[in-house]
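Results of the structural survey
The chain contents come next:
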Amino acid sequence: MSLQDYESVIGLEVHVELNTKHKAFCECSTAFGAPPNSQVCPVCLAMPGALPVLNREVVDSAIKAGIATHCTIEHFSRFDRKNYFYPDLPKAYQITQNDFPICTNGYVEVAAGENLRRIRISQIHMEEDAGKLIHHADGTEIDCNRCGVPLLEIVSEPDARSAEEAVAYLRKLRAMVRYTGISDGRMNEGSLRCDVNLSVRKKGEEAFGTRVEIKNINSFNFVARAIESEFKRQVDLLENDGTIVQETRRFDEKSGQTYAMRSKENAADYRYFPDPDLVPVRVTDEEIEEIRTSIPRMADERSAFYTDVYKLTAYEAERLTEDKEMSDFFETAVSHTRYPKTLVSLILADISPLFTEEMAEVPVSPSSLGSLSDLLGDDEINSSTGRRILKELLVKDFDPVAYVKEHELAQINDRGVLQPVVGAAVEANARAVKDFLSGKETALRAIIGFVMKQTQGRANPVLAETMIRELIAKAN
Amino acid sequence: MDYRSMQLQQLADGLRARDFSSRELTESVFAAIDKTEPVVGAYITLTRDIAMKQADRVDALLSEGRELPPLAGIPGALKDNIATAGIRTTNASRMLADFVPPNDAFVWRILRQQEMVLTGKANMDEFAMGHSTETSAFHRTRNPYDTSRVPGGSSGGSAAAVASGEACFALGSDTGGSVRQPAALCGIVGMRPTYGLISRRGVTTFSSSLDQIGPMTRSVRDNALLLDVLAFFDEKDAQSVARRTDSFVREADAPFGQPVIGWPQSYFELNDLRGDVKALLEKARDFYASIGARIVPVDLKTLDACLAGYYIISSAEGFSSMNRFDGIHYGRRSDGGNSLEDIYFHSRSEGLGTEVKRRILLGCYALTQENYGDYYLKAAKVRTIVKREFEAIFRTCDAILTPVTATPAWPLGSHPEEMGGGKYSNDRFTLPPSLTGMPALELPAGMTGEGLPVGMQLIGPRFSEGALYRLAAAFEDAHGLLPTPEEVKA
């Protein structure tokens, strides 16, 4: 048996740090990067007698996430205490939702090859973050700024079957949090963190294998590598009569391997019970509807619309909708052009990194890009001129139509204008003509290049080639 | 000056009429403290200097003709689990012996605005876990009526301070009876209001779903006055509830009418209920009947279940609340170890007393995955059943009259610190209001032959404090205040 005979069964637990202005249970700021312990108060420091009060904004964010992932929004949910000792947790318990989460039974769809696959979400619950430990040679310091920052934990069913699907799911969730505006979804700043539950089984089998949890992975790339290496490790164990231990492992970024942290036997008993300081969270249908109408159309809906109306491929639509700003940009730009497909290839080739890599500004305006698409689509300019203009547009926005006119960049599509140039080109490149005639197709390039050079790149290269062929054929 | 014969309203009037100054009043109270405190031991921390400054400030304001709130210039005590910024708040624990909170509890903020004079922080059972104030890590408090006996607990310092005249009023906290029971044993009035009526913010949490702050005073109207000051909705306590009356004092003085008082026969048939306690309660019952109340027998079956349910819930919640006292975040850090686990282990072993450890372990046990269903969930069900039982009774009754304790104050050190013994069962009469969130008012029913106070408890439906005060005021008006310890001895 080999790796191909096995499949991985993957469930994901994703922590989303919400971008609410205040913490979940007090009024402290949640801003990232403040000096240690500058954003704390008696509540998040767990002073004796300090009491948490739920920030309703957190509930709104959870409802948005629930709606965007097709969950049932529960009218009744409740907070529990998860008790454990750790220096980053001043109360010695985390406020979380164990028994009654706010959102249940949702899903997201991810592209798997040609098809869409549904990854089910079992629940989304609200909880609070812990602080940060800063280790020095001579001791450890505690920064409580993150204590009490609101998190959503999104728990999937074990539906993903490969690293690609897991990563596609995570991309979908990142897009979701950005579309709804509940988080910036930045993995490198820890706004999106992921635990992977993975087991393996022989393809075609129904029963699940023993599950291993890999904790706290902080990039898509590492998630993929962790899954692949853990998959190999588990298959290897099974193939060599080993046993897989139910345990928690961590992924080491340097070695690309997972390492055991603790086994099930040593797992903590968190002694969950309802937090008596807080009242149950009640949500009305009216509130849910109000939030439903306030959130923008999600990626799935846009994606379907793009393939249907603009005839984009599933891949193109998926890529475009990965980022809400990019999708919004496309939607504005598309109203300025008759050539959506041309527009999409411009966006995906040259502009998408500006959105997905979170560069500050996209200098080109959607209308300019629409005009450029029209110029290209109408053969007003050729593609090399198009690239040249786009390069300029990415420095500073301008009107491409005026620019083309001003710099006389319009493509020469007129046979009459090109005739003498083509004639001169064939004459000047006798050697290339000879090579072409002896069967060397590529020799034509030199002749086309001559025409392009003579016209400062404005000749329609396709037309030029046709005319060169015609001329050579006629002459011989 | 003779402040002992005056109630809070009279003290307030006297201050405004300039019959005496706040300074005089405060010095008189501290004179009493100097005299009795060495024996009674009601306080952990005395704040004499602060008190004198506050008194002088009030006198200055009064001489400017300023209008001041009712408690201005009147000396009172706070239980030492109520956070007072800049004044150590020990919770009677070695763990927090040096803990000075940076913030004020909500109630202390109100009382500071009232310009009350703080005499000090009253002794208590460690972290409010206990019923005799003997679990205090500092010292025992003695009952002013018989200093060989306990004052009750956990708010035993507060009760003893008021009973002995070491404070004109005090605040306590009541989880399972910690205001009402010491108030009963020390012959004063103690109210546990509707759950949420007084903000818990800044009062060290023992058991969040049970903890309530309560006024402790010599008279019923003093108590109503104090509740009038303290009952404010606090949006930063998620369990806070808004009051439903402008004035508890006015409600205390409303016409008596023809209330229906429930008499839980089963409570009075318990073997450990002492005869003289029972007799005093029956006299109270007959008094109420004589002034127009209708006494109806009520059937309460849940008292024993309350005891188990209470200890499981309070210990479970207490376990969780107490874990922050780990030597890392809060509490004295032990020198006995370098690893994280060692610091936790030694700090908690050294810093916490036996009773607190016992409750933590009980709660920890009741909450394990294995035990949760058998203990915590069952206790939660008990709570629902008790609530329904009382709600049903309050469809036909305005109040229920019960004992507070089965016996008057017992000798110091006479109850073994062992769970399952008689120790906890003496607590049970106070438990149903705690579990149901209903208000219960304790007031003196009289004294035993040996001169020990006996209390009675009036339990009503949620938000019925006004009606309870009215019933209590009628009794107090007819019987007068209990003689003070000084008067008894004289």
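Thresholds applied
- Residues numbered from 1 in each chain as written.
- Chains lettered and ligands numbered in written order.
- Predicted model: local features only at pLDDT ≥ 70, side-chain atom pairs only at ≥ 80, totals over all residues.
- Helix = DSSP H or I, 4+ residues; strand = E, 2+ residues; numbered from the N terminus.
- Rg over C-alpha atoms; globule rule 2.2 N^0.38 Å.
- Buried ≥ 20, exposed ≤ 12 C-beta atoms within 10 Å, placed from the backbone.
- Pairing = 2+ DSSP bridges.
- Axes fitted to C-alpha atoms, helices over the stretch in contact; angles between N-to-C directions.
- Parallel < 35°, antiparallel > 145°, perpendicular 65-115°, else oblique.
- Left-handed = near helix turned anticlockwise from the far one by under 90°.
- Contact = placed C-beta atoms within 7 Å.
- Nonpolar A, V, L, I, M, F, W, Y, C, P; charged D, E, K, R; others polar.
- Domains from an automatic or database assignment.
- pLDDT = per-residue confidence, 0-100.
- Right-handed = clockwise from strand over helix to strand, strands pointing away.
- Core = buried A, V, L, I, M, F, W, Y, C linked by C-beta atoms within 7 Å.

**Let's talk about the overall build of chain A**
Within chain A, the regular secondary structure consists of 15 helices and 16 strands. Relative to its length of 476 residues, chain A is extended, with a C-alpha radius of gyration of 29 Å against a globular reference of 23 Å. With the C-alpha coordinates aligned to their principal axes, the bounding extent of chain A is approximately 95 × 55 × 50 Å. Within the span of chain A, comprising 476 residues, buried residues form 42% of the whole.

**Notes on the overall build of chain B**
A count of helices and strands for chain B gives 17 helices and 11 strands. On C-alpha atoms alone, chain B measures out to a radius of gyration of 21 Å, which is about the 23 Å that the 2.2 N^0.38 rule sets for 490 residues. In terms of principal-axis extent, the alpha carbons of chain B reach across some 65 × 55 × 45 Å. Of all 490 residues assigned to chain B, the portion counted as buried reaches 59%.

**Looking at the sheet that holds strand β11 (residues 192-202) of chain A**
Residues and elements named next belong to chain A. Spatially, nine strands are ordered β2-β6-β7-β10-β1-β11-β12-β13-β14 in an open sheet, and the strand pairing comes out mixed. Strands with a single pairing partner mark the edges of an open sheet, and in this sheet they are β2 (72-73) and β14 (257-263). The pairing of strand β12 (residues 212-217) with strand β13 (residues 247-252) spans four bridges and is classified as parallel. By the bridge assignment for β13, E213 is matched with T248.

**As for the packing of helix α5 (residues 299-309) of chain A against helix α6 (residues 314-321) of chain A**
How two helices sit against one another is set out by the angle between their axes and by the gap between those axes. Residues and elements named next belong to chain A. It is the contact of α5 with α6, at a shortest axis distance of 9 Å, that shows an interaxial angle of 140°. One element, α5, and the other, α6, form an angle in the oblique class. Handedness of the crossing formed by α5 with α6: right-handed. On α6, the residues touching A299, R302, S303, Y306 and T307 of α5 are A314, A317, E318, L320 and T321.

**Looking at the packing of helix α2 (residues 163-180) of chain A against helix α3 (residues 220-239) of chain A**
Residues and elements named next belong to chain A. One can describe the packing of α2 onto α3 by two numbers: an axis separation of 9 Å at closest approach and a directional angle of 155°. Classified by the interaxial angle, the pair formed by α2 and α3 is roughly antiparallel. As for the relative orientation of α2 and α3, their crossing is right-handed in sense. Residues A163, A166, V167, L170 and R171 of α2 lie in contact with α3, whose contacting residues are F220, V223, A224, I227 and E228. For the contact of α2 with α3, the class distribution of residues is eight nonpolar, no polar and two charged.

**Topic: the environment of B:N323**
Mapped onto the fold, B:N323 is located in the loop between α10 (303-322) and α11 (340-351). With 25 residues separating them in the primary sequence, B:N323 and B:R348 have C-alpha atoms 9.1 Å apart. If sequence neighbours within four positions are ignored, B:N323 has contacts with A:N83, A:F85, A:A92 and A:Y93.

**Thoughts on the interface of chain A and chain B**
Between chain A and chain B, the contact holds 23 residues from the first and 32 residues from the second. Of the residues assigned to the side of chain A that touches chain B, the class counts are 16 nonpolar, two polar and five charged.

**Notes on unusual backbone geometry**
Residues and elements named next belong to chain B. Cis geometry is found at the peptide bond from G153 to S154, where omega equals 10°. Along the chain, the position of S154 falls in the loop between β3 (117-122) and α5 (156-164). Residues other than glycine seldom take positive phi values, yet F127 does so here, at roughly 50°. Here F127 shows up in the loop between β3 and α5. Of note in the backbone geometry, A128 takes a positive phi value of approximately 65° without being a glycine. The topology assignment puts A128 in the loop between β3 and α5. Residue classification places A128 among the buried residues on the basis of 31 C-beta atoms within 10 Å.

**Brief notes about the domain arrangement of chain A**
Residue and element names in this part refer to chain A. When cut into domains, chain A gives domain 1 (3-288), domain 2 (297-406) and domain 3 (415-475). Its C-alpha centre places domain 1 at a distance of 35 Å from the equivalent point of domain 2. With nine residues of domain 1 at the interface, the matching set in domain 2 holds nine residues. Taken together, the elements giving at least two residues each to the side of domain 1 that touches domain 2 come down to β6 (103-112) and α2. A per-element tally of the side of domain 1 that touches domain 2 places α2 first, with six residues.

**Quick notes on the sheet that holds strand β15 (residues 273-274) of chain A**
All names here are of chain A. The strand order across the open sheet formed by three strands is β5-β4-β15, and the pairing between neighbours is antiparallel. The sheet terminates laterally at β5 (93-96) and β15, the two strands that pair on one side only. Of the strand pairs in this sheet, strand β4 (residues 80-83) and β15 are connected by two bridges, and their pairing is antiparallel. Each bridged residue has a counterpart across the sheet, and for D80 the counterpart in β15 is P274.

**Focus: the environment of A:E13**
Relative to the helices and strands, A:E13 resides in strand β1 (residues 6-17). If we skip the residues at most four places from it in the chain, A:E13 touches A:E153, A:V155 and A:D195.

**Considering the confidence of the model for chain B**
Residues and elements named next belong to chain B. On average, residues of chain B score 95 in pLDDT, and 98% of them reach the 70 mark or higher. Scored below 50 in pLDDT, residues 416-421 shows seven contacts in the model against residues more than four places distant or in partner chains. The complex prediction reports pTM at 0.89, with the ipTM value standing at 0.95.

**So, α5(B)**
Residues and elements named next belong to chain B. Most of α5 is tucked away: nine of the nine residues are buried. For α5, the set of buried residues is G156, G157, S158, A159, A160, A161, V162, A163 and S164. Looking at the residues trailing α5, positive phi occurs at G165, about 80°.

**So, the pairing of strand β8 (residues 294-298) of chain B**
All names here are of chain B. Two strands pair when backbone bridges link them, and strand β7 (residues 260-264) and β8 are joined in this way by five bridges, in the parallel orientation. Along β8, the bridge assignment pairs G262 with V296. Traced from β7 through helix α9 (residues 275-290) to β8, the parallel crossover comes out right-handed.

**What to know about the pairing of strand β6 (residues 212-217) of chain B**
Residues and elements named next belong to chain B. Counting buried positions over the six residues of β6 gives six, a clear majority of the element. The side-chain alternation of β6 yields two buried faces, one formed by Q212, G214 and M216 and the other by I213, P215 and T217. For strand β4 (residues 170-174) and β6, the ladder comprises five bridges, and the chain directions are antiparallel. From the neighbouring strand, S173 faces β6, where its bridge partner is I213.

**Remarks on the nonpolar core**
Here is a general trend for soluble globular proteins: nonpolar side chains tend to be buried in one another's company. In this structure, B:V107 and B:A399 are the most contacted members of the largest nonpolar core, which totals 141 residues. Element by element, the count of residues in this core is highest for α10(B), at nine residues. Among all residues touching B:V107, those that are not within four sequence positions of it are B:I82, B:L171, B:I198, B:S199, B:I213 and B:L230. A:V110, A:V149, A:V200 and A:V235 belong to the second-largest nonpolar core, a separate cluster that totals 80 residues.

**A few points about the environment of A:T243**
Topologically, A:T243 is positioned in the loop between α3 and β13. A sequence separation of 191 residues divides A:T243 from A:K434, and the C-alpha atoms of the two residues are 72 Å apart.

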